[in-house]
Amino acid sequence: MNKKRGAVVYCGPSVYHLLKQYQVFTGDDLPKYIEDFISEYPTAKELFVPVGEFESFMGNLCWPDTKEARLFEKLKNELPLELISEIIRNRKKSHSNDL
C-alpha cells in the first residue's frame, strides 16, 4: 500500500502505541511505521478505507458474515494480545475460555 488517494481511515482494532481505531491518514503516503505494520500484518491493508467509504464499511462491520467483519476479526486474531486494546483483549480472553 505504498500510494493512496486522499484521506483514509483505519477501521481495524486499536494497536497499542501504534494505531487507533478510526485514525485518519492524509497525504499520498502512509507513514513508514504503518507500512512496516502492514508488511508484518497484511490483513491490515484492507482495513484502511477511503473516508468516502467509511460509513458503508462501518455499517457492514456490524454484521458478522460480511467481508469487513471477517477482516477485522482476522487481524484481531493475528495480533499478539499485548498489542491490542484492553476491551478487545478481554473479549478475546473470554471467548478463548469458552472453548
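Enquirer: Can you help me understand the overall build of the protein in this one?
Expert: Counting secondary structure elements, the protein contains four helices and three strands. What you see in the protein, going N to C, is helices and strands ordered as β-β-α-β-α-α-α. When each of the 99 residues of the protein is scored for burial, the buried share is 36%. Put simply, 50% of the contacts in the protein that link residues at least 6 apart link residues at least 24 apart. As displayed, the protein offers around 6,400 Å² of accessible surface, 54% of which is attributable to carbon and sulfur atoms.

Enquirer: Quick question: what am I supposed to make of unusual backbone geometry here?
Expert: Backbone phi values are negative for most residues with the exception of glycine, while trans is the configuration of most peptide bonds. For His-17, which is not glycine, the phi dihedral falls at a positive 60 degrees. The topology assignment puts His-17 in the loop between β1 (8-10) and β2 (24-25). Given the relative accessible area of 70%, His-17 is considered exposed. You will see that Tyr-22, though not glycine, has its phi angle at about 75 degrees, which is positive. Note that Tyr-22 resides in the loop between β1 and β2.

Enquirer: I would appreciate a short explanation of helix α1 (residues 32-40) in the present structure.
Expert: Three- or four-residue spacings in an α-helix give side chains the same orientation, since the helix completes a turn every 3.6 residues. Every buried residue of α1 is listed here: Ile-34, Glu-35, Phe-37 and Ile-38. When α1 is viewed along its axis, its buried side chains cluster within an angular range of 160 degrees and face the same direction. Exposed and facing more than 90 degrees away from the buried side of α1 are Lys-32, Ser-39 and Glu-40.

Enquirer: Is there a simple way to explain the pattern of salt bridges in this structure?
Expert: In a structure, side chains of opposite charge can pair up when their charged atoms sit close to one another. Counted according to the given criterion, the structure contains three salt bridges. Note that Glu-46 is salt-bridged to Lys-67, the shortest N-O span being 3.4 Å. Residue Glu-46 is located in the loop between α1 and β3 (48-50), and its partner Lys-67 is located in helix α3 (residues 67-78); the two are separated by 21 residues in the primary sequence. Note on Glu-46: relative accessible area 40%, which makes it partly exposed. One salt bridge connects Glu-73 with Lys-76, and the closest N-O pair in it is separated by 3.0 Å. With Glu-73 and Lys-76 both in helix α3 and three residues apart, the pair spans about one turn of that helix. Accessibility expressed as a relative area gives 34% for Glu-73, which makes it partly exposed.

Enquirer: I keep staring at α3 and nothing clicks. Help me out?
Expert: Taking 1.5 Å per residue as the helical rise, α3 with its twelve residues ought to reach 16 Å, and the 16 Å between its terminal C-alpha atoms agrees with that figure. All of the buried residues along α3 are Glu-68, Ala-69, Leu-71, Phe-72, Leu-75 and Lys-76. When α3 is viewed along its axis, its buried side chains cluster within an angular range of 160 degrees and face the same direction.

Here is what the cut-offs are and how they apply
Residues numbered from 1 in each chain as written. Predicted model: local features only at pLDDT ≥ 70, side-chain atom pairs only at ≥ 80, totals over all residues. Heavy atoms only, no water. Helix = DSSP H or I, 4+ residues; strand = E, 2+ residues; numbered from the N terminus. Buried < 20%, exposed > 50% of the residue type's maximum accessible area, 1.4 Å probe, protein only. Contact = heavy atoms within 4.5 Å. Areas by Shrake-Rupley, 256 points an atom, 1.4 Å probe, with all protein chains shown as cover. Arc of directions from axis to C-beta. Salt bridge = Lys/Arg side-chain N within 4 Å of Asp/Glu carboxyl O. Expected span 1.5 Å × (residues − 1).

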